[in-house]
Amino acid sequence: MKNPSYWKDNLKLVGILLSVWFVVSFVCGILLVDLLNHVRVGGFKLGFWFAQQGSIFVFVILVFVYAHLAKKLDRKHGVEEQ
Amino acid sequence: MSLQVLTYIVVGVSFVLYVGIAFATKARSTSEFYVAGRGINPVVNGMATAADWMSAASFISMAGMIAFLGYDGSVYLMGWTGGYVVLALLLAPYLRKFGRYTVPEFVGDRYGSQTARTVAVICLIVISFTYVIGQMRGVGIVFSRFLNVELVWGLITGMLIVWVYAVLGGMKGITYTQVAQYCVLIFAYTVPAVFIAFQLTGWLVPQVGFGASLNDGSGFLLDRLDQVVTDLGFTMYTDGSKAMIDVFFITVVLMLGTAGLPHVIVRFFTVKRVQDARISAGYALLFIALLYTAAPSVAALARWNLTETIQPGVVGTETGNLEYEQRPDWFKTWEKTGLVSFDDKNDDGRIQYYNDTNESFKDKAAEYGWEGNELTINRDIIVLANPEIAGLPDWVIALVAAGGIAAALSTAAGLLLVISAAISHDLIKSVFSRDISEKRELTASRITVTVAIICAGYVGFNPPDFVSQIVAYAFGLAASSLFPVILLGIFSVRMNKEGAVAGMLTGLIFTVTYILLFRGIIMEPLLPNTPEYWLFGISPEGIGAVGALLNFVVAITVSRLTPKPSEELVEMVEKMRVPN
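Please read these numbers as outputs of a predicted model, since none were measured by experiment. (Residues numbered from 1 in each chain as written. Chains lettered and ligands numbered in written order. Predicted model: local features only at pLDDT ≥ 70, side-chain atom pairs only at ≥ 80, totals over all residues. Heavy atoms only, no water.)

Chemist: Would you take a moment to explain the environment of A24 of chain B for this structure?
Modeler: Residues and elements named next belong to chain B. Mapped onto the fold, A24 is located in helix 1 (residues 3-24). The class of A24 is exposed, set by a relative accessible area of 65%. Note: C-alpha distance between A24 and A300 (276 residues apart in sequence) is 42 Å. (Helix = DSSP H or I, 4+ residues; strand = E, 2+ residues; numbered from the N terminus. Buried < 20%, exposed > 50% of the residue type's maximum accessible area, 1.4 Å probe, protein only.)

Structure below.
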């Protein structure tokens, strides 16, 4: 296999970012929504906020962070594009 | 100037803009026609992707659905944005590196199988065609409601516009028109949202107003909303009535389905490099989020506004409800379209709007002298009538019409292009006539776009009864058929054609069967569509997630029992995984 360490690092990066994706939407917005709704932030119940607004903010940040870190990873392993 | 004339002018100007762009961006090669010559700037592509993705449903219907569903509406918000994280991290960069023109071509080449490619073509056409019909309906609805044009002429105008830029410019023309359409639709969505947020909360940013207190000093918007809707027997706004497992599975379906939609995936084939595909996904999601974070605010503000308008006084008192004769102008305007209707069941001349299906509220309603809910509201009203409800100037109303049309046309064009590319490139070129010249392939794809537009327009005008039901399931079909096969094609070197075909068919057949079982669509449903009968309490909307899981299990098992993919295929996968 070509460059196995690059692929391993890449899977690790994607895995970490996807766990954040899972936590903000499925965990905070759905599974633990009732529990988090006991916490209030301004006019929001926290669980409801994650489900209707917070998760989307985090998603946008995640994709940009991924683009940035993936580029760094390419460079580290010498596989970046010309 | 009358509103009608103003709307004609605003919509007309937007059409001239789209057609002008089409003539400026004519496609001269198959590469330009299918993937815009792979020269699109990542920010431009992000904007085009946002318009491509945000359809008539996102623009016209979503805020209304959330307004009436409350917390349960979160599935659309999380599902239709979270899918981009999956797409960006797991699919887009690799598919771009693989460097093909269409999604079935990727499937066919990765698995070295014409059968796999043909099955993918079938999945693509089923998914995209049901989706495009919804867009045609959207165009027709906006035309007939805002411009007083017969539905058929609305459809024909919409079809002609799409035809001009799709046939002339292919993906290149579509991309630049979608950029213009994004600007129109986001402006049209944001202006009324800003006004209504400011009126009710004093905040100019709707996303902030969502969590703010009301101007009347009565408390936070969401708290007051919870209170007024429960006073009328509805479920608390910030609390859903769907079971948690169902919310979970529907969200999974919408996310994976989004990532597996061919017309979205191909947008990432149009950029120059792998890194551009990654960045571009970020911009796409950012542009989408501008609308998707405004939508829940619009939903909550509109629900509040509506409830307060109908029930200005104390619930249960004789004068607490709005007198029908005193109803506001927007009510009268939209009554004519049938989207709002009033039926004075207790003959008191006042409008009672409450949840008459709530058993525990029945006694109270009887005590108030209410004899049933008297107001029927179509959910599309929330966005379409928003500017009138908020008392905004006429040009804003005209803008909303242009925005709705932009949203529907941009999505329709993207869908029609992937359908025609699948037919001309994946079927005609690869199955029937391999040595077709580039010029003839280009002509063939222009003809298939034309045919696809005519079919979509025809079905849009004469929708079979089951169409509106099917559209909701396009995501389940995409999630259970295409998504797993694409993902495994990248992340499992061992995955072979036998596994892919078996997986796709299992996912598709299981999901379709389950939906038919409960919804019938083309037959009588065999089981009542209620939670007691559902598998683990998962509704037909959420079953695509189970279909996707089965697809993965079957594909992996079958691939381990059948021969390994050839050396060349393995090498192809390994090459796809590195950017250079």
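After presenting the structure, the write-up continues.
Chemist: In this structure, what is going on with the packing of aromatic side chains? I would like to understand it.
Modeler: Each aromatic ring pair is characterised by the separation of its centres together with the angle its planes make. In this structure the tally under the stated criterion is 35 aromatic pairs over all chains. The interplanar angle of 85° and the centroid separation of 5.2 Å between the aromatic rings of F64 of chain A and Y283 of chain B together place this pair among those described as edge-to-face. Placement of the pair is F64 of chain A in helix 3 (residues 46-76) and Y283 of chain B in helix 13 (residues 274-310), with the two residues belonging to separate chains. Since its relative accessible area comes to 25%, F64 of chain A is described here as partly exposed. Centre to centre, the rings of F59 of chain B and Y189 of chain B are 5.4 Å apart; their planes meet at 70°, and the pair counts as edge-to-face. With F59 of chain B in helix 4 (residues 56-69) and Y189 of chain B in helix 8 (residues 151-201), the pair connects residues that are 130 residues apart, well separated along the chain. The same class applies to F59 of chain B as to Y189 of chain B, namely buried. Three or more aromatic residues link up through ring pairs in this structure, and these residues are W53, Y76, W80, Y84, Y131 and F475 of chain B. Across from the ring centre of F234 of chain B, 5.1 Å away, lies the NZ or CZ of R303 of chain B, which sits over that ring. (Phe/Tyr/Trp six-rings, centres within 6.5 Å; stacked < 30°, edge-to-face > 60°. Lys NZ or Arg CZ within 6 Å of the ring centre and 35° of its normal.)

Chemist: Explain helix 1 of chain B to me, please; I cannot follow it from the model alone.
Modeler: Residue and element names in this part refer to chain B. Between its first and last C-alpha atoms helix 1 spans 32 Å; for 22 residues at 1.5 Å apiece the expected length is 32 Å, and the two agree. Residues of helix 1 that are buried: L6, T7, V11, S14, F15, Y18, I21 and A22. For helix 1, the buried positions fall inside an angular range of 165° around the axis, keeping them on one side. Set apart from the buried face of helix 1 by more than 90 degrees, the exposed residues are V13, V16, F23 and A24. Taken together, the buried residues of helix 1 touch helix 7 (114-146), helix 8 and helix 18 (394-432). (Expected span 1.5 Å × (residues − 1). Arc of directions from axis to C-beta. Contact = heavy atoms within 4.5 Å.)

These figures capture arrangement, not role.
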